[in-house]
Amino acid sequence: MFGKNLKSHRVSRGMTQKDVADKLGVSPKTIGSWERDRTEPSYDMQVDLAKMFETTVDDLLGADSNGRVDLKQLLKSGTMTYGGEEISERDLKVLAKVVESFLDEDDD
């Protein structure tokens, strides 16, 4: 979700990945990795991106107007931590299944 939103803001302003990278002091490969949701920028970098695109971090993260982020999309993002420790992709998939099972069970 973050990557799609970042790319959308970048393209709508006619900027290349290199343009964004140069402004932030990172490589164009880094921007590409963010746009493909392979990695996520630090919070400080998210703030810098939000300022650059005149939006909010919530918008870049895909939060709705009430500040809510879709948990399913968040778990698919591929980069999360818990207590400062990175959660593996395998564990994120397991966590997504647990959440899905719990919420689907609740609908009955």
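This one's a predicted model, so the numbers in the text were calculated from it and none came from an experiment. (Residues numbered from 1 in each chain as written. Predicted model: local features only at pLDDT ≥ 70, side-chain atom pairs only at ≥ 80, totals over all residues. Heavy atoms only, no water.)

With that out of the way, let us pick up helix 4 (residues 43–52). Those residues of helix 4 that fall on the buried side of the exposure criterion are Met 45, Gln 46, Leu 49 and Ala 50. All buried residues of helix 4 lie within an arc of 145 degrees about the axis, which places them on one face of the element. With respect to the buried face of helix 4, the exposed residues turned more than 90 degrees away are Asp 44 and Lys 51. Where helix 4 is buried, its residues meet helix 1 (2–12), helix 2 (17–24), helix 3 (28–35) and helix 5 (57–61). The first or second residue beyond helix 4 is Glu 54, which carries a positive phi of 50 degrees. (Buried < 20%, exposed > 50% of the residue type's maximum accessible area, 1.4 Å probe, protein only. Helix = DSSP H or I, 4+ residues; strand = E, 2+ residues; numbered from the N terminus. Arc of directions from axis to C-beta. Contact = heavy atoms within 4.5 Å.)

Turning our eyes to something else, we now look at the confidence of the model for the protein chain. For the protein chain, the average pLDDT comes to 85, and 87% of its residues sit at 70 or higher. Ranking the elements of the protein chain by mean pLDDT puts helix 6 (residues 71–76) last with 73 and helix 2 first with 96. (pLDDT = per-residue confidence, 0-100.)

Across the interface, helix 2 lies against helix 3 with an axial gap of 8 Å and an inter-helix angle of 110 degrees. Relative to helix 3, the element helix 2 lies roughly perpendicular. The handedness of the crossing between helix 2 and helix 3 comes out as right-handed. Each of Gln 17, Lys 18, Val 20, Ala 21 and Leu 24 in helix 2 lies in contact with helix 3, whose residues at this interface are Pro 28, Ile 31, Gly 32, Trp 34 and Glu 35. (Axes fitted to C-alpha atoms, helices over the stretch in contact; angles between N-to-C directions. Parallel < 35°, antiparallel > 145°, perpendicular 65-115°, else oblique. Left-handed = near helix turned anticlockwise from the far one by under 90°.)

In this structure, Val 20, Leu 24, Trp 34 and Leu 49 are the most contacted members of the largest nonpolar core, which totals 14 residues. Of all the elements in the fold, those that place two or more residues in this core are helix 1, helix 2, helix 3, helix 4 and helix 5. What Leu 24 contacts, discounting residues up to four positions off in sequence, is Ile 31, Trp 34, Met 45, Asp 48, Leu 49 and Met 52. (Core = buried A, V, L, I, M, F, W, Y, C linked by side-chain atoms within 4.5 Å.)

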